[in-house]
Amino acid sequence: MRVYVPLTLPGLAAAYKAGEIGPGPLTAYAVTPGLREWYVSDDIEELEYAALNRAASASLRLIAGNPDVVRRRVVVAVDVPDGSAVADPDHSLDSSSIGEVRIASPVALTEAAAVHVDADDAEKDVTAAAAALGAADLGDDDAQFIVDGAEDHELLWFGIQEIPNLIG
């Protein structure tokens, strides 16, 4: 099963140094029944893209919670055994947790398929979005517009062999 783990650049550096993303439990995003229902598509590529975007939003939340990290969203696409990523039934009605899964154990970085990271030119919008996130959560439409501005940036694809260049 392909899952998308939200991180920050320092989190990616720590994972690279340790050789694994962890410790568990990890929060990740995947094509779950709830995501299928929310996105209303049968196209697996579109559904995986939606899961990736959910993870990018979670990465933004990690950035907002840590003012010292570089303002670039990071998502690691990882293949895990079926059944190891489990959706929390208590969050099934919570729209912010659509596609969210838990992985009990750390995941070896060798299981990563790719790393997705914002380009340098996204930093200004990601910085503004991180600052506006709290107000957007409270229903402020102007703040939500700012958050959506960060989401307009497509994450770039990198092979796992390129991680040293990303964290260098």
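Refer to the structure printed above.
**Q** What am I meant to see in the packing of helix H4 (residues 123-137) against helix H5 (residues 141-151) here?
**A** The description of two packed helices rests on the angle between their axes and on the distance between the axes. Packing of H4 against H5 leaves a shortest axis separation of 8 Å and a crossing angle of 145°. In this structure, the crossing between H4 and H5 has a hand that is left-handed. Contact residues: H4 offers Asp125, Val126, Ala128, Ala129, Ala132, Leu133, Ala135 and Ala136, while H5 offers Ala143, Gln144, Ile146, Val147, Gly149 and Ala150.

**Q** Would you explain H4 in this entry?
**A** Residues lying three or four places apart along an α-helix face the same way, a consequence of the helix completing one turn every 3.6 residues. With 15 residues, H4 should reach 21 Å at 1.5 Å per residue; the first-to-last C-alpha distance of 21 Å fits that figure. Those residues of H4 lying buried are Val126, Ala129, Ala130, Ala132, Leu133 and Ala136. Note on H4: the residue one or two positions beyond its end, Gly139, has a positive phi of about 100°.

**Q** Can you walk me through the packing of helix H3 (residues 44-64) against H4 in this structure?
**A** Two elements in contact, H3 and H4, have axes separated by 9 Å at closest approach and are oriented at 95°. Classed by the angle they form, the pair H3 and H4 counts as roughly perpendicular. Where H3 approaches H4, its residues Leu60, Arg61, Ile63 and Ala64 are matched on the opposing element by Val126, Ala129, Ala130, Leu133 and Asp137. Residues belonging to the contact of H3 with H4 are distributed by class as follows: seven nonpolar, no polar and two charged.

**Q** It is not clear to me how the packing of aromatic side chains should be interpreted in this structure. Could you clarify?
**A** Where two aromatic rings form a pair, the distance of their centres and the angle of their planes describe that pair. Following the criterion strictly, the structure yields one aromatic pair and no others. Judged by centre distance (6.2 Å) and plane angle (50°), the rings of Trp38 and Tyr39 are tilted. Judged by its relative accessible area of 32%, Tyr39 is partly exposed. The cationic tip of Arg54 hangs over the ring face of Trp38; the distance from NZ or CZ to the ring centre is 5.0 Å.

**Q** Any chance you could explain a negative patch on the surface here in plain terms?
**A** Negative charge collects at one region of the surface, where Asp42, Asp43, Glu45 and Glu46 lie side by side. For Asp43, the position within the fold is in the loop between helix H2 (33-39) and H3. Owing to a relative accessible area of 36%, Asp43 belongs among the partly exposed residues under this scheme.

**Q** Please clarify how helix H1 (residues 9-18) should be interpreted in this entry.
**A** Among the residues of H1, Leu9, Leu12 and Ala15 are the ones counted as buried. One side of H1 holds all its buried residues, which, seen down the axis, span an arc of 115°. Exposed side of H1, more than 90 degrees from the buried face: Lys17 and Ala18 are the residues found there. Those residues of H1 that are buried lie in contact with strand E1 (2-7), strand E2 (20-21), strand E4 (74-79), strand E8 (112-117) and helix H6 (163-167).

**Q** So what exactly am I meant to see when it comes to unusual backbone geometry here?
**A** Of the consecutive residues Gly22 and Pro23, the connecting peptide bond is found in the cis state with omega at 5°. Secondary-structure assignment places Pro23 in the loop between E2 and strand E3 (26-29). Residue Pro25 is bonded to the preceding Gly24 through a cis peptide linkage, with omega at -5°. With respect to the helices and strands, Pro25 occurs in the loop between E2 and E3.

**Q** Would you mind showing me how to read the side chain of Glu100 here?
**A** Relative to the elements of secondary structure, Glu100 occurs in strand E6 (residues 100-103). Owing to a relative accessible area of 15%, Glu100 belongs among the buried residues under this scheme. Here Tyr29 takes part through its side chain, which lies 3.3 Å from a polar atom of the side chain of Glu100.

Calculation criteria
Residues numbered from 1 in each chain as written. Predicted model: local features only at pLDDT ≥ 70, side-chain atom pairs only at ≥ 80, totals over all residues. Heavy atoms only, no water. Axes fitted to C-alpha atoms, helices over the stretch in contact; angles between N-to-C directions. Helix = DSSP H or I, 4+ residues; strand = E, 2+ residues; numbered from the N terminus. Left-handed = near helix turned anticlockwise from the far one by under 90°. Contact = heavy atoms within 4.5 Å. Expected span 1.5 Å × (residues − 1). Buried < 20%, exposed > 50% of the residue type's maximum accessible area, 1.4 Å probe, protein only. Parallel < 35°, antiparallel > 145°, perpendicular 65-115°, else oblique. Nonpolar A, V, L, I, M, F, W, Y, C, P; charged D, E, K, R; others polar. Phe/Tyr/Trp six-rings, centres within 6.5 Å; stacked < 30°, edge-to-face > 60°. Lys NZ or Arg CZ within 6 Å of the ring centre and 35° of its normal. Patch = residues over 30% accessible without salt bridge, like charges linked within 9 Å, V, L, I, M, F, W, Y side chains within 5 Å. Areas by Shrake-Rupley, 256 points an atom, 1.4 Å probe, with all protein chains shown as cover. Salt bridge = Lys/Arg side-chain N within 4 Å of Asp/Glu carboxyl O. Lys, Arg positive; Asp, Glu negative; His and termini not counted. Charge placed at Lys NZ, Arg CZ, Asp CG, Glu CD. Arc of directions from axis to C-beta. Polar contact = N/O pair within 3.5 Å; in protein donor to acceptor, adjacent residues only side chain to side chain.

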